[in-house]
Amino acid sequence: MGRRKETITYPSGTFSTSMSSGNASGMGLDFASQDGDAESQQQQHYRPRVSYYMREQAGNFHYGKQHPMKPHRLTLTNHLVLNYGLHKYMDVFEPRRATEEEIREFHAQDYIEFLKRVTPENQDTMASCFAEFNIGDDCPIFDGMWDFSQIYSGASIEAARKLVSGSTDIAVNWMGGLHHAKKYEPSGFCYVNDIVLAILQLLRYYPRILYVDIDIHHGDGVQEAFYTTDRVMTCSFHKYNGDFFPGTGAIDEMGSGLGKFYAVNVPLQDGIDDRSYTQLFKTIMTAVMETFRPSAVVLQCGADSLGLDRLGVFNLSIAAHGECVRFMRRFGVPLLCLGGGGYTVRNVARCWTYETGIVCGAELPKALPQTVYNDFFSPDYSLHPLISGKIVNHNSKAYLNALTARILEQLRYLKGAPSVQMNEAPPDIQGFLESQELHDKDAQSDRNKDAKDDRAGRREHLAEFYESDHDQDE
């Protein structure tokens, strides 16, 4: 079979590959056949503790009649999750709101003050600040904007702390995942970057954090926040042509300073299908996990990469999107699953419900359970509607092979995971350490009440029936 060499020109640069005119090298793309029998058997015995964060109020906020972001998708998701009975497989929590102090760990004080003060009623008097804080059609002023930001951010912070405490293995917050927000301004429907806030919590305990983003839009806010550190690796799979929002995510955006090569970007073109996407994802993430060896993983599961999304241009089915979640679950590393984009609300709810089932290890029937929102899912009422194959796939095998080779070459520059020496105890995490310290002191105090000093200054328990070190009981 002959071989040909293609030169791939892309807005981010030029790279080339030699490839066979047959199937792409190493692209065995069948979901089932990629997993060995031993691995499958091991996964059957893996029963992670799952924590699920939901707050009914989160689904009641409204960006505006014509705005594509619909928080009501959270209500649909929670109704499906509960009516499928998934709450039996996990601990369900109603999280508290993030405090201003917690949000200030990343965001600027003047920006926070603006979010707290501005309302639809007084926005005319504060219009002079709109340009400074990027207020406009994408990020409008709506009723309860600050409350909404506190709710979804508080859930992500609490989920991260739950992982740090060791009381859960996987934490799920579909309210979160708003990856575009910047330190000084909102962006792309996102006002507070809950992902950055959650990662900052995880970094107090875990040496290395991997952030993975399967939203169709580049995770620019998270990448920017950690662009100069080697303790956080960001890996984003997204559409990129230089114009598609947010306009970042070129393959040559690799990080800088200590973070050089720790930003991994996978720029894709319109119409990528299940087979191509899942194989690309598994190949790259296998290499990332082996090279970086993260202590914990944050997975942003933006559902706008699904086919037929209102703002999307990919061809992914719900099964393929969920396969990425299933693959990351297999590593057995502490995992935080977050929401993100997704603008065809009925498919977003289906997707996140399916992925909740995946992290719980539960098989869900294709027929949706009865809820008060049945009409949203007509006419098929199925967990897996036909939503893929509607857009021409412009990602050739040659392009995907070249893209994979380029990224694997970038990872080779890392030469193993960075070593992190943590000499100081991390700051108190939600009172966990303080509570444990108090518990230990109380226990020690109780023991002291039952003890006395011997002549050498050692502690003797009153139950010891000898009078001195020279006592010889027979």
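Up top is the structure.
Residues numbered from 1 in each chain as written. Predicted model: local features only at pLDDT ≥ 70, side-chain atom pairs only at ≥ 80, totals over all residues. Heavy atoms only, no water.

Quick word on the overall build of the protein
Basically, it comes down to this: In DSSP terms, a helix is any run of H or I states spanning at least four residues, a strand is any run of E spanning at least two, and both are numbered starting from the N terminus. Residue burial is assigned from relative accessible area. The probe radius is 1.4 Å, only protein chains are included, and a residue is buried under 20% of its type maximum, exposed over 50%, and partly exposed in between. Contacts are residue-level and defined by heavy atoms, with any inter-residue pair within 4.5 Å sufficient. Accessible surface area values rest on a Shrake-Rupley calculation with a 1.4 Å probe, where residue burial reflects the displayed protein chains alone.
When helices and strands are counted, the protein shows twelve helices and twelve strands. Per-residue burial over the protein gives 55% buried out of 474 residues. In the protein, once contacts between residues fewer than 6 apart in sequence are set aside, the share between residues at least 24 apart is 77%. A total of about 21,400 Å² of accessible surface is found on the protein, and carbon and sulfur atoms cover 47% of it.

So, the pairing of strand β8 (residues 263-268)
Counting buried positions along β8 gives six out of six residues, so the element sits mostly inside the fold. Burial of β8 is two-sided: the residues Ala263, Asn265 and Pro267 facing one way and the residues Val264, Val266 and Leu268 facing the other way are all buried.

Overview of the sheet that holds strand β3 (residues 50-53)
Where we set the bar: When DSSP locates at least two bridges between a pair of strands, those strands are taken to pair. Inter-axis angles, ranging from 0 to 180 degrees, are taken between N-to-C directions of lines fitted to C-alpha atoms, where helices are fitted over the stretch in contact.
Sheet architecture is open: eight strands sit in the order β4-β3-β5-β10-β9-β6-β7-β8, paired in parallel fashion. One side of each edge strand has no neighbouring strand; the edge strands of this open sheet are β4 (91-93) and β8. With direction set aside, neighbouring strand axes in the sheet form an average angle of 15 degrees. Note that strand β6 (residues 209-213) and strand β9 (residues 296-300) share five bridges and pair parallel. When the bridges of β9 are listed, leucine 210 appears paired with valine 297.

A short note on the packing of helix α9 (residues 318-329) against helix α10 (residues 345-360)
The packing of two helices is summarised by the inter-axis angle and the distance between the axes. So the rule is basically this: Here the angle decides the label: under 35 degrees means roughly parallel, over 145 means roughly antiparallel, 65 to 115 means roughly perpendicular, and every other value means oblique. The sense of a crossing depends on the near helix, which, turned anticlockwise from the far helix by less than a right angle, makes the crossing left-handed and, turned clockwise, makes it right-handed. Residue polarity is assigned by list, with Asp, Glu, Lys and Arg as charged and Ala, Val, Leu, Ile, Met, Phe, Trp, Tyr, Cys and Pro as nonpolar; anything else, Gly included, falls into the polar class.
Between α9 and α10, the shortest axis-to-axis distance is 9 Å and the interhelical angle comes to 30 degrees. With respect to α10, the axis of α9 lies roughly parallel. Crossing of α9 over α10 shows right-handed handedness. Each of Ile318, Ala319, His321, Gly322, Val325, Arg326 and Arg329 in α9 lies in contact with α10, whose residues at this interface are Asn347, Arg350, Cys351, Tyr354, Glu355, Ile358, Val359 and Cys360. For the contact of α9 with α10, the per-class residue count stands at eight nonpolar, three polar and four charged.

Side note on helix α11 (residues 397-412)
Formally: Every helix has an expected span of 1.5 Å times one less than the residues it contains.
Counted at 1.5 Å a residue, the expected span for α11 with its 16 residues is 22 Å, and the 23 Å between its end C-alpha atoms agrees. Considered for burial, the residues of α11 that qualify are Ala398, Tyr399, Leu400, Asn401, Ala402, Leu403, Thr404, Ile407, Gln410 and Leu411.

Some thoughts on empty space enclosed by the protein
The following threshold applies: Cavity: a set of points on a 1 Å grid over the protein atoms alone where a 1.4 Å probe fits but cannot get out. Pocket: an open set with protein on both sides within 12 Å along at least five of seven lines, its lining residues, like those of a cavity, having an atom within 4 Å of a point. Grid points are joined across faces, edges and corners, and a volume is the space filled by probe spheres set on the points.
All chains considered together, the criterion is met by two cavities of 30 Å³ or more. If you add up the space inside the largest cavity, you get close to 40 Å³. Tyr52, Tyr53, Met54, Arg55, Leu74, Asn78, Trp174 and Met175 together form the lining of the largest cavity. Elements that contribute at least two residues to the lining of the largest cavity include exactly β3 and α2 (72-83). For the lining of the largest cavity, the residue count by class is six nonpolar, one polar and one charged. Reported here for the second largest cavity is a volume of approximately 30 Å³. Around the second largest cavity, the lining residues are Met69, Pro71, Arg73, Leu74, Phe148, Met175 and Leu178. Residues of the lining of the second largest cavity, tallied by class, amount to six nonpolar, no polar and one charged.

Looking at the pattern of salt bridges
Selection criterion: Criterion for a salt bridge: a side-chain nitrogen of Lys or Arg within 4 Å of a carboxyl oxygen of Asp or Glu.
Taken as a whole, this structure holds 15 salt bridges when the rule is applied. For lysine 116, the salt bridge goes to glutamate 113, with nearest N and O atoms at 3.7 Å. Placement of both lysine 116 and glutamate 113 in helix α4 (residues 109-117) is noted, with a separation of three residues, approximately one turn of the helix. Accessibility expressed as a relative area gives 28% for glutamate 113, which makes it partly exposed.

Here's the deal with the packing of aromatic side chains
Put simply, the rule reads: Aromatic rings from Phe, Tyr and Trp, with only the six-membered ring used for Trp, were paired whenever their centres fell within 6.5 Å, and each pair was classed as stacked if the ring planes differed by under 30 degrees, edge-to-face if by over 60, and tilted otherwise. Note on criteria: charge over ring means Lys NZ or Arg CZ within 6 Å of the ring centre, with the direction from the centre no more than 35 degrees off the ring normal.
Enumeration according to the criterion identifies 22 aromatic pairs in this entry. A ring pair is formed by tyrosine 262 and phenylalanine 292, whose centres lie 6.0 Å apart and whose planes are at 65 degrees; its orientation type is edge-to-face. You can see tyrosine 262 sitting in the loop between β7 (232-239) and β8 and its partner phenylalanine 292 sitting in helix α8 (residues 274-292), a full 30 residues away along the chain. An aromatic cluster is built from Phe61, Tyr63, Phe142, Phe148, Tyr152 and Tyr191, whose rings are joined through pairwise contacts. One Lys or Arg, lysine 260, reaches over the ring of phenylalanine 261 and ends 5.5 Å from the middle of that ring.

Some thoughts on the environment of cysteine 301
For cysteine 301, the position within the fold is in the loop between β9 and α9. Separated by 20 residues in the primary sequence, cysteine 301 and histidine 321 have C-alpha atoms spaced 8.2 Å apart.

Observations regarding the nonpolar core
To be explicit about the condition: For this analysis, a nonpolar core means a set of buried residues of the types Ala, Val, Leu, Ile, Met, Phe, Trp, Tyr and Cys, connected via side-chain atoms within 4.5 Å.
Membership of the largest hydrophobic core comes to 133 residues, with the highest contact counts inside it found for Ile199, Leu210, Phe237, Met285 and Met328. Among the elements that make up this core, the one with the highest residue count is helix α5 (residues 145-165) (eleven residues).

A look at the environment of valine 345
When you line up the elements, valine 345 lands in helix α10. On the accessibility criterion, valine 345 (19% relative accessible area) is buried. Residues valine 345 and threonine 77 lie 268 residues apart in sequence; the distance between their C-alpha atoms is 9.1 Å. The residues contacting valine 345, other than those within four sequence positions of it, are Lys70, Arg73, Leu76 and Phe376.

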